[in-house]
Amino acid sequence: AQSVAQPEDQVNVAEGNPLTVKCTYSVSGNPYLFWYVQYPNRGLQFLLKYITGDNLVKGSYGFEAEFNKSQTSFHLKKPSALVSDSALYFCAVRDRGDSWGKLQFGAGTQVVVTP
Amino acid sequence: DSGVTQTPKHLITATGQRVTLRCSPRSGDLSVYWYQQSLDQGLQFLIQYYNGEERAKGNILERFSAQQFPDLHSELNLSSLELGDSALYFCASSDGTGGRYGYTFGSGTRLTVV
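Here the residue index of a chain counts from 1 through its sequence in written order. Key to labels: chains lettered from A, ligands numbered from 1, both in the order written. Local features in this predicted model are restricted to residues of pLDDT 70 or higher, and side-chain atom pairs are both shown and tallied only at a pLDDT of 80 or more, whereas totals for entire chains, interfaces and linings draw on every residue. Side-chain numbers come from the whole structure's heavy atoms, not from hydrogens or water.

Draft legend 1. Spotlight on the overall build of chain A. Segments assigned H or I by DSSP are reported as helices when at least four residues long, segments assigned E as strands when at least two residues long, and all are numbered from the N terminus. Summing up its helical and strand segments, chain A has 0 helices and 12 strands in all. Reading the secondary structure of chain A in the N-to-C direction produces β-β-β-β-β-β-β-β-β-β-β-β. Here the globule rule is a power law, 2.2 Å times the number of residues to the power 0.38, and the radius of gyration is based on C-alpha atoms. The C-alpha atoms of chain A give a radius of gyration of 14 Å, which matches the 13 Å a tight globule of 115 residues would have. C-alpha extents for chain A along the principal axes are approximately 45 × 30 × 20 Å. Burial classes follow relative accessibility: with a 1.4 Å probe on protein chains only, a residue under 20% of its type's maximum area counts as buried, one over 50% as exposed, and anything between as partly exposed. Taking all 115 residues of chain A together, 47% fall into the buried category. Partitioning the intrachain contacts of chain A with sequence separation of at least 6 by distance along the chain shows that 57% fall at a separation of at least 24. Once the 10 positive and 9 negative side-chain charges of chain A are each reduced to a mean point, those two points are 5 Å apart. In this analysis, two residues are considered to be in contact whenever any of their non-hydrogen atoms come within 4.5 Å of each other. Neither His nor the chain termini are counted; the positive set is Lys and Arg, and the negative set is Asp and Glu. Just so you know, the charge point we use is NZ for Lys, CZ for Arg, CG for Asp and CD for Glu.

Draft legend 2. Inspection of the interface of chain B and chain A at higher detail. Opposite the 22 residues of chain B that make contact, chain A presents 19 residues. Around 1700 Å² of area is buried between chain B and chain A when both sides are counted, 59% of it from carbon and sulfur atoms. One speaks of a salt bridge when a side-chain nitrogen belonging to Lys or Arg is within 4 Å of a carboxyl oxygen belonging to Asp or Glu. Across the contact surface, chain B and chain A share 0 salt bridges. Two N or O atoms form a polar contact when they lie within 3.5 Å of each other; inside protein one atom must be a possible hydrogen donor and the other a possible acceptor, and for residues adjacent in sequence the pair counts only when both atoms belong to side chains. Linking chain B with chain A are 4 residue pairs in polar contact (both at pLDDT 80 or more). Elements that contribute at least two residues to the side of chain B that touches chain A include exactly strand 4 (31–38), strand 5 (42–50), strand 6 (53–57) and strand 9 (87–94) of chain B. Of all the elements, strand 5 of chain B adds the most residues to the side of chain B that touches chain A, at 4 residues. Summed over both partners, buried area is the accessible surface (1.4 Å probe) that two parts give up on being assembled.

Draft legend 3. Quick peek at the packing of aromatic side chains. All names here are of chain B. Centres within 6.5 Å make a pair out of two Phe, Tyr or Trp rings, where for Trp the six-membered ring is used; the pair is then stacked when the planes are under 30 degrees apart, edge-to-face when over 60, and tilted otherwise. A complete count under the given rule lists 16 aromatic pairs over all chains for this structure. Ring plane angle 20° and centroid distance 3.8 Å describe the contact between tyrosine 33 and tyrosine 103, whose orientation is recorded as stacked. Here tyrosine 33, found in strand 4, pairs with tyrosine 103, found in the loop between strand 9 and strand 10 (104–105); they are 70 residues apart in sequence, far enough to count as distant. Neither tyrosine 33 nor tyrosine 103 differs from the other in exposure class; each is buried. For the pair tyrosine 103 and phenylalanine 105, a centre-to-centre distance of 6.3 Å together with 45° between the ring planes defines the contact as tilted.

Draft legend 4. Focus on the layout of surface pockets. Grid spacing is 1 Å over the protein atoms alone, the probe is 1.4 Å, and a cavity is where that probe fits but cannot get out, while a pocket is an open set with protein on both sides within 12 Å along at least five of seven lines and lining residues have an atom within 4 Å of a point. Grid points are joined across faces, edges and corners, and a volume is the space filled by probe spheres set on the points. Considering only enclosed or pocket space, the largest pocket measures out at about 600 Å³ in volume. Around the largest pocket, the lining comprises 26 residues; the ones closest to its centre are Gln38(A), Leu88(A), Gln37(B), Ser38(B) and Leu39(B). Elements represented by at least two residues in the lining of the largest pocket include exactly strand 10 (87–95) of chain A together with strand 4, strand 5, strand 9 and strand 11 (109–113) of chain B. Among the residues making up the lining of the largest pocket, the classes are represented as 11 nonpolar, 11 polar and 4 charged. Within this model, the second largest pocket holds a volume of roughly 460 Å³. Lining the second largest pocket are 25 residues, and of these Leu44(A), Asp1(B), Ser2(B), Thr104(B) and Phe105(B) sit closest to its centre. Those elements that provide at least two residues to the lining of the second largest pocket are strand 6 (44–50) of chain A together with strand 1 (5–7), strand 9 and strand 10 of chain B. Sort the elements by how many residues they give to the lining of the second largest pocket and strand 6 of chain A lands first, with 3 residues. Three classes are used: nonpolar for Ala, Val, Leu, Ile, Met, Phe, Trp, Tyr, Cys and Pro, charged for Asp, Glu, Lys and Arg, and polar for all others, with Gly counted as polar. In terms of residue class, the lining of the second largest pocket is made up of 7 nonpolar, 12 polar and 6 charged.

Okay, here's the thing in structure tokens:
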């Protein structure tokens, strides 16, 4: 079984400050990890993924995430947040060894960036 | 435009009725996934199809069914609708790896049951 935890329902940050959205995961094997963002009344948009290789993954819109196997975490970060980053962020995991395994999504974290 | 097309965008219907949601995957993608997003349940996986065959099933109610056609578009049928079925229904597609590298999502169908 696989699961994802996003411990914060909401993250509040001032524009220009660093933004971190936390994610921890559980899979029986090795993971594929993903971050998606959802703006109001829109579908989920892909931000970045960890498949293999470097633990630091760079994605769209200046976001990056660090894969930490020992802590089973994949936190999303942005050095300087923008008001336009306000949205709902989802972490997702998939077991690499499961050919037809679905992406398991976390509950989502609402990010609010204030001017 | 993600390349995944969902119709209709909005649907309002009465309890007890039946509706069909349609999804056209991104060109070249063989897998289609259906998710339900509601305020209290988050993003729930319903069902996955790959090249016309069902591959994985999640928390899909018996009142719900889906299929993927030879042209790879998919339909999600919801019957005997209840107020609690009101939600955003998303379709996503992926390539022949079965979603190993992530999904592409459509913009969703917002279903309101009154």
